[in-house]
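# Coordinate analysis (summary)
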Amino acid sequence: MKFLNDIHEYSINPIFFKFFTYNVFKTKAQTRAYLKKKIKLSKKNINQYWAIVLKKNKKCIGTISAIKLSKEDSIELGFGLNPNFWGKGYFSLSLKILENFLFRKIRVKRLYAKTTKKNRISIRALQRNGFKIEAIMKSYYKIGSTYIDGVLLVKIRKN
């Protein structure tokens, strides 16, 4: 909750929600409810959520998460970054830190991320970080009354 104002700042930005299946937050109460839900999920040790915070000014510019650890040692990644900080390397740095933890410490075998086929920014960012497209998921996302394809990207631990 310490970063509520920072997270709310980008949670009301329509660009941030362009490829999400839910709507732009309108109030700080919505952002607070969202954060409370994620904090509660983190306490169950199934999902873990971290803030991406700039060291120099302690500003939260996004979140990154490890979701649904499976018995097959596979984890889904989730992430969101304030659009004002896109293209500056913060996602790649955060992903490298999380990958190091998940691959080396937790010994997860497989990381994967899902997004809409139209979300070229996230797809390219993941590919630049070693993820490969494993599948196109037909009519996977429902946005309004329209179904759109998703993309599944995967990175396997070496060794």
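Every value quoted in this text rests on a predicted model; they were computed, and no experiment measured them. For every chain, the first residue of the written sequence is number 1, and numbering continues from 1 along that sequence. The predicted nature of this model means local features are confined to residues of pLDDT at least 70 and side-chain atom pairs, given and counted, to a pLDDT of 80 or more, with totals for whole chains, interfaces and linings taken over all residues. To get the side-chain values, take all heavy atoms of the structure and skip hydrogens and water.

## A few points about the overall build of the chain
Secondary structure follows DSSP: runs of H or I at least 4 residues long count as helices, runs of E at least 2 residues long count as strands, and numbering of each begins at the N terminus. The helix and strand tally for the chain stands at four helices and six strands. Going residue by residue from the N terminus, the α and β elements of the chain occur as α-α-β-β-β-α-β-α-β-β. Two things to know: the radius of gyration comes from C-alpha atoms, and the globule rule equals 2.2 Å times the number of residues to the power 0.38. Relative to the globule expectation of 15 Å for 159 residues, the C-alpha radius of gyration of the chain, 16 Å, shows essentially globular dimensions. By principal-axis analysis of the C-alpha atoms, the chain measures approximately 45 × 40 × 30 Å. Per-residue burial over the chain gives 42% buried out of 159 residues. Residue contacts are counted whenever heavy atoms from the two residues lie within 4.5 Å of one another. Sequence-distant contacts in the chain: of pairs separated by 6 or more residues, those separated by 24 or more amount to 51%. Positive and negative charge centroids in the chain, built from 36 and 8 side chains respectively, lie 5 Å apart. Exposure categories follow from relative accessible area, calculated using a 1.4 Å probe and restricted to protein chains: below 20% of the type maximum is buried, above 50% is exposed, and the middle band is partly exposed. Residues scored as positive are Lys and Arg, those scored as negative are Asp and Glu, and His as well as the terminal groups of each chain are ignored. Charge positions come from single atoms, namely NZ of Lys, CZ of Arg, CG of Asp or CD of Glu.

## Comments concerning the side chain of N13
Of note, N13 is situated in the loop between α1 (4-11) and α2 (28-43). If sequence neighbours within four positions are ignored, N13 has contacts with V24 and P83.

## Some details on the confidence of the model for the chain
pLDDT: the predictor's confidence for each residue, scored from 0 to 100. Residues with a pLDDT of 70 or more make up 99% of the chain, whose mean pLDDT is 92. Across the chain, the secondary-structure element scoring lowest on mean pLDDT is α2, at 91, and the one scoring highest is strand β6 (residues 146-156), at 96.

## Observations regarding the sheet that holds strand β3 (residues 74-81)
Two strands qualify as a pair provided DSSP detects at least 2 bridges between them. Sheet architecture is open: six strands sit in the order β1-β2-β3-β4-β6-β5, paired in mixed fashion. Looking along the sheet, the strands with just one partner apiece sit at the ends: β1 (48-53) and β5 (132-143). Within the sheet, the average angular offset between the axes of one strand and its neighbour, ignoring direction, is 25°. Two elements, β3 and strand β4 (residues 110-116), share three bridges in a ladder whose sense is parallel. What sits directly across from S74, in β4, is R110. Helix axes are fitted to C-alpha atoms over the stretch in contact, other axes to C-alpha atoms as well, and angles between N-to-C directions run from 0 to 180 degrees.

## Topic: helix α4 (residues 120-128)
Taken together, the buried positions of α4 are S122, I123, A125 and L126. The arc that holds the buried residues of α4, viewed along the axis, is 165°, so those residues lie on one side. For α4, the exposed residues set more than 90 degrees away from the buried face come down to R120 and R128. Contact partners of the buried residues in α4: β3, α3 (90-105), β4, β5 and β6. Of the residues one or two after α4, G130 is the one with positive phi, at around 90°. Each direction from the helix axis to a C-beta atom contributes to the arc, which is the arc of those directions.

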